[in-house]
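# Fold and geometry: a report
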Amino acid sequence: MSNDTTSAPVRTGAPPDIVTALADAVSVFDATLTGVQDAAWDTASPCSDWSTRDVVGHVIGTLGKVALIARGEPTQSAPSQPGDAAAGDPVKAWREAATAARTAVAEADPELLVDTPAGRQNLARALAFPVSDVIVHAWDIAAATGRRLRLPDSLLAHVVHTCAQVPEAALRGPGRIGEARPSAPEADDTTRMMAWLGRDVERWATADDAGARTDRATAPDCAELLALDRAHVWHPFRPMPGVDEQLLVTGAEGVRLTLADGRELIDGMSSFWAAVHGYRHPVLDKALADQAGRFTHVMFGGLTHEPAIRLARTLVDLTPDGLEHVYFCDSGAVSVEVALKMCLQYWRSSGRSEKRRMLTWRRGYHGASLHAMSVCDPDDGGHASWQGLLPEQVFLPAPPASSATSLRHATDPARTADERLDPAYVDTMARTVAEHAHELAAIIVEPMVQSAGGMRFHDPGYLRVLRELADEHDVLLVFDEMATGFGHTGALFAADHVGVTPDVMCLGKTLTGGYMSMAATLCTTRVADGIRQGELPVLVHGQTFMANALTAAVANASLGLLVDGDWKGDVARIESALRLGLREAVHLDGVVDVRVLGAIGVIELDRPVDRRMAQAAVDNGVWLRPFGNLIYCLPPYLCTDDDVARICAAMVASATVGAAPNPPLEKE
């Protein structure tokens, strides 16, 4: 491609006004800082000789120039060398500088004329290069931290239009940012960087447009695909043929889904608790591609492979002490089936086949396969129509809800570590376990969060009580951590809140970062040894795609991102943002409760949700999936504070719509 930016194909459309461009550039740059690991602050970018800390210091200086220009005060060219402004807390210093610059620009006189090295210019022209400098270095940090950054079309338009102002002489010469190259005498360092970036942006814009032409369905294509979807594709918990108009997704990146009509939605669901790293993450993409270059799958009977071995070792290291053995599964429901089989086969191998029932509490959900359905709530678990066909289990009442997580009913808003257990409920637990101990194979629960059973949160102290009762009455204990595992509640696993180790643990969803389906069932040596000592010394279960190598490789990379990153800080930050953003819903008509735990936010209504509520979220640029009487979210961990604020605003908008009477359907 020619180095002449004027001859290259570009995205059409006018650039945004300078206030919007600065706000968008700040948002993009801030997103690149989210989740930067400690070691990466002093790692040089492949695009320059600067470290991430140097880049932030430089951009802080650029924002200082922006503020000076906006106030009409004299200033020199943007600094060409990094400063020491980011020597302390770089993120805090950056955000303070960004706030000051945005305030100055928002308050500036739009008719202001500014003296610059290129002559007297209006405010928008004078700020074009400094704002683009922020965008340049967002790419710089993304490259240094191994992430891919895609600009919104509006910012691409800003960069392309700004690049058109670069003197022709500055377009000559190869190079990276910071390298010496031939340039016009009047071109400062920012101008030269823009010349370099301009060529890259043209290639990127062209490639993105080509991809859009390939991936984006035309209106006729979209209509045809959706018609085929309704006729042939059976969606979960929906009738067949389909009666709902599904949203057609053609792309996803970061925390955003791209629809066939070009709209972008922030994914407030992490694709049902799974995609916590977002979409098209370069580390996960690379792990997938690298493993595909070696082999994609081999049968796991009689063969093994490194990705599965390393994944098993990592899971043993991460989970509570004592869980030593890993059985890989295809999905969460299968993981629960395997867990129940382990417990039943343990007692059969021990000569106590009468211990064949499970105890759980109501409002639970453990999957849609047959045995998993038997331990879901028998009335509200979505499987009431299967009664009489499933094993009959023992049910405790649902555990008391935790007031500490409620924004409406909180008695302990500080969320101290003190347990607040209901003595009457603890007594019920003890009496029920004692009464049925002779026939109980295991106790199985969702720890802390009952997800599909109502997004209910309970005190983790009840898990400690269950462990004590299981030990006292010789019953196995199973924690189904599909929804809670890998950080969602603020601890890596819900069991970690009280230091409890179950005999069996079920994991999935987040395991592969949402890339592919995989789950795992872990157990203690006691369980494994008990099964091995039976007449049939093997676990009677197997799957064709067990421990798939592609999936295991991505799972290893996903867990690496968690372990090496600041997942705990991200979840705490998201929790604070959810508590702030959902306060507005507390006093809305029709709202029963608003609660937040870790990265989970819930608005509970006094009526069932309807289609209008999901549409209200879409209209606000967010994908949510309300169900029952709940509007809830679980944002990807890389969401910025602005992203979470938009998710909260969409949830509030949905709840507001839900409070209004449902209009009657129009007659055809």
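Only a predicted model underlies this, so the values are computations on that prediction, with no experimental measurement involved.

A word on the nonpolar core. Leu315, Phe328, Ile603 and Leu624 are the most contacted members of the largest nonpolar core, which has 115 residues in total. For this core, the element with the most residues is helix 11 (residues 332-349), which contributes eight residues. Once residues within four sequence positions are removed from consideration, Leu624 is found in contact with Gly268, Met269, Ala614, Ala617, Ile631, Tyr632, Cys633, Ile647, Ala650, Met651 and Ser654. The next biggest cluster of nonpolar side chains, apart from the first, holds 39 residues, and it includes Trp41, Leu63, Val114 and Ile135.

Packed helices, taken two at a time, are described by their axes: the angle between them and the distance between them. The contact between helix 9 (residues 282-294) and helix 16 (residues 549-564) brings their axes to 9 Å, and the two run at 150 degrees. Viewed along their axes, helix 9 and helix 16 adopt a mutual orientation that is roughly antiparallel. For the element pair helix 9 and helix 16, the recorded crossing hand is right-handed. Seen from helix 9, the contacting residues are Val283, Leu284, Ala287, Leu288, Gln291 and Ala292; seen from helix 16, they are Ala549, Leu550, Ala553, Val554, Ala557, Ser558 and Leu561. The residue makeup of the contact of helix 9 with helix 16, split by class, is 11 nonpolar, two polar and no charged.

Burial analysis of strand 12 (residues 476-480) places five of its five residues in the buried class, which makes it a mostly covered element. Residues Leu476, Val478 and Asp480 line one face of strand 12 and the alternating positions Leu477 and Phe479 line the opposite face, and both faces are buried. Strand direction decides the pairing type here: strand 12 and strand 13 (residues 504-507), joined by three bridges, are parallel. Each bridged residue has a counterpart across the sheet, and for Val478 the counterpart in strand 13 is Val504.

Counted according to the given criterion, the structure contains 24 salt bridges. Between Asp379 and Arg362 there is a salt bridge whose closest N-O contact spans 3.0 Å. Taken together, the positions of Asp379 in the loop between helix 12 (370-374) and strand 8 (394-396) and Arg362 in the loop between strand 7 (357-361) and helix 12 put the pair 17 residues apart, joining distant regions of the chain. Looking at Asp379, the relative accessible area reads 48%, which means it is partly exposed. For Arg612, the salt bridge is made with Asp610, and the minimal N-O distance between the two is 2.9 Å. Taking the relative accessible area as the measure of exposure, Arg612 reaches 22% and is therefore partly exposed. Three or more residues are tied together by salt bridges with common partners; here these are Arg352, Glu354, Arg467, Asp471, Asp474, Asp503 and Arg526.

Scoring rules and cut-offs
Residues numbered from 1 in each chain as written. Predicted model: local features only at pLDDT ≥ 70, side-chain atom pairs only at ≥ 80, totals over all residues. Heavy atoms only, no water. Core = buried A, V, L, I, M, F, W, Y, C linked by side-chain atoms within 4.5 Å. Buried < 20%, exposed > 50% of the residue type's maximum accessible area, 1.4 Å probe, protein only. Helix = DSSP H or I, 4+ residues; strand = E, 2+ residues; numbered from the N terminus. Contact = heavy atoms within 4.5 Å. Axes fitted to C-alpha atoms, helices over the stretch in contact; angles between N-to-C directions. Parallel < 35°, antiparallel > 145°, perpendicular 65-115°, else oblique. Left-handed = near helix turned anticlockwise from the far one by under 90°. Nonpolar A, V, L, I, M, F, W, Y, C, P; charged D, E, K, R; others polar. Pairing = 2+ DSSP bridges. Salt bridge = Lys/Arg side-chain N within 4 Å of Asp/Glu carboxyl O.

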